[in-house]
Amino acid sequence: MGSAPSIAAAVSKIGQDVRAPRLHIVNTATFPSLSESTTWIEAGSHVLGASWLGRTPVFALSDGSALQAGIGEEKRDPLFEDAGLLSVASNGTVLVAGSDDGRVVRLDGAGKVEQLGKVKNKWIDAVAISPSGATAWSAGKLVQVRDEKGTVKQWTAPSGVRGVAFMAKGYRLAIAHYNGVSLWFPNSTATPEFYEWKGSHLDITVSPDNRFIVTSMQENMLHGWTVAEKKHMRMSGYPSKTRSFSWSHDGNWLATSGADAGIVWPFQSKDGPMGKAPRECGIRHAKVTRVAFHPRALVLALGYEDGCVLLCRLTDASEILVRRAVNGSNVTALAWDKTGAQLAIGTEDGQAGILTLPAAA
């Protein structure tokens, strides 16, 4: 049997473990499949991120370029000359990327590349973009943010920053660093509000309703807070680090990678998952590396370290195969288009896939 993350250790108000229900192990050998509905392209380099610029899938590659795969044509846009791409984010209209030589650029659907900023002698560790186009990036302790008008503000965190995210409401940033998270209003002189929890915080995400902040940690666990009251939420039991988050369209569920199943935490109540067990879907003998909720339905796309891709429906735990396992083809990127009709898939060995759901599906 595949071991679910001993998510035996689950969530609580610090300390109370709750055992999660287990689903069946997926046997993809006899599974209904959408593999014939997926088109594959040789990207030529490790796919670090997948996104959609309008109706066009874009794959951000570690060699510093972006591959736009339009209908019947492919277009490569050089984002960085003589530099590697480290971080990427998109709001569905433009893509922003950070390099290992300190540059931050923006790519639009027409292929126009614009430099937004540069931090000398630093790597760009994280980038984020808001729906309106405001962009933020971090390099070491430095956090910079550029609003829609091009005004840049900066703040120096108490320690190295690993994750940045825009809050769902207002012009405010959530910043993950050592020993906690800071919430910063760039247009205010006030000291950023601090949410403390000891340890190294990595990636960060904010719930669509602005009520919760969740970070991944060095210790193979998640930590969260309620924004209003700063109540703690500890989500533990993962066998590896969580590096992919995805909120459901209704904001009631947070899907995560880092186990041999998609681990989905409930956030319907005012205390989030405290005292509640997560759901598990797509349990296999391989770790989940990427998760992406459908934009309109409770359907979760799961990518695995062995190259497999599944779709799982939360309401009844039914599953369908998109891609069978492929040795050395770790799934590193998943992204739905805005309509939920297509899914972009990227892998570590340079494969870019586009799933188009059948009209009757």
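Going by the structure above, here's the rest.
Worth saying up front: this structure is predicted, and the values here are computed from it rather than measured.

Chemist: Help me understand the pattern of salt bridges, please; the structure alone is not making it clear to me.
Modeler: Any two side chains of opposite charge can pair, so long as their charged atoms come close to each other. Enumeration according to the criterion identifies 13 salt bridges in this entry. As a salt-bridge pair, Glu114 and Arg106 come within 2.6 Å of each other at their nearest N and O atoms. By relative accessible area, which is 27% here, Glu114 ends up partly exposed. Several salt bridges share partner residues, and in doing so they unite Glu229, Lys231, Lys270 and Asp271 into one network.

Chemist: Looking at this structure, how should I read the pairing of strand β22 (residues 253-256)?
Modeler: Two faces make up the sheet, and in a regular strand the side chains alternate between them. On β22, burial covers both faces: Trp253 and Ala255 on one face and Leu254 and Thr256 on the other are all buried. Looking at chain direction, strand β21 (residues 245-247) and β22 are connected through 3 bridges and run antiparallel. Bridged to Trp247 within β22 is Leu254. In textbook terms, the turn of a hairpin is the stretch between consecutive antiparallel strands, and for β21 and β22 this stretch comprises 5 residues, one of which, Gly251, has a positive phi near 75°.

Chemist: How should the environment of Asp100 be read in this particular structure?
Modeler: Note on placement: Asp100 falls in the loop between β8 (94-99) and β9 (103-108). What makes Asp100 partly exposed here is its relative accessible area of 31%. With near-sequence residues (within four places) excluded, Asp100 lies in contact with Ala83, Gly84, Leu86, Lys122 and Trp123.

Chemist: Even after reading the chapter, I still don't get the sheet that holds strand β23 (residues 262-266), so can you show me in this structure?
Modeler: Two pairing modes exist for strands in a sheet, parallel and antiparallel, and in both the strands are linked by backbone hydrogen bonds. If you walk across this open sheet you meet the 4 strands as β21-β22-β23-β24, and the pairing is antiparallel. Sheet topology places β21 and β24 (279-281) at the edges, where each strand pairs with a single neighbour. On average, each strand axis in the sheet is inclined to that of its neighbour by 25°, with strand direction left out of account. Relative to β23, β22 runs antiparallel, the two sharing 4 bridges. Considered in β23, the bridge of Thr256 is made with Ile263.

Chemist: Any chance you could explain the state of the cysteines here in plain terms?
Modeler: In a disulfide, the sulfur atoms of two cysteines are covalently bonded to one another. Applying the stated criterion across every chain yields a total of 0 disulfides. Take Cys281: it sits in no disulfide, and the sulfur closest to it among the cysteines is that of Cys312, at 4.1 Å. Given the relative accessible area of 5%, Cys281 is considered buried. Of the cysteine sulfurs around Cys308, a residue in no disulfide, the closest is that of Cys312, at 9.2 Å.

Reading the values: rules and limits
Residues numbered from 1 in each chain as written. Predicted model: local features only at pLDDT ≥ 70, side-chain atom pairs only at ≥ 80, totals over all residues. Heavy atoms only, no water. Salt bridge = Lys/Arg side-chain N within 4 Å of Asp/Glu carboxyl O. Buried < 20%, exposed > 50% of the residue type's maximum accessible area, 1.4 Å probe, protein only. Helix = DSSP H or I, 4+ residues; strand = E, 2+ residues; numbered from the N terminus. Pairing = 2+ DSSP bridges. Contact = heavy atoms within 4.5 Å. Axes fitted to C-alpha atoms, helices over the stretch in contact; angles between N-to-C directions. Disulfide = S-S within 2.5 Å.

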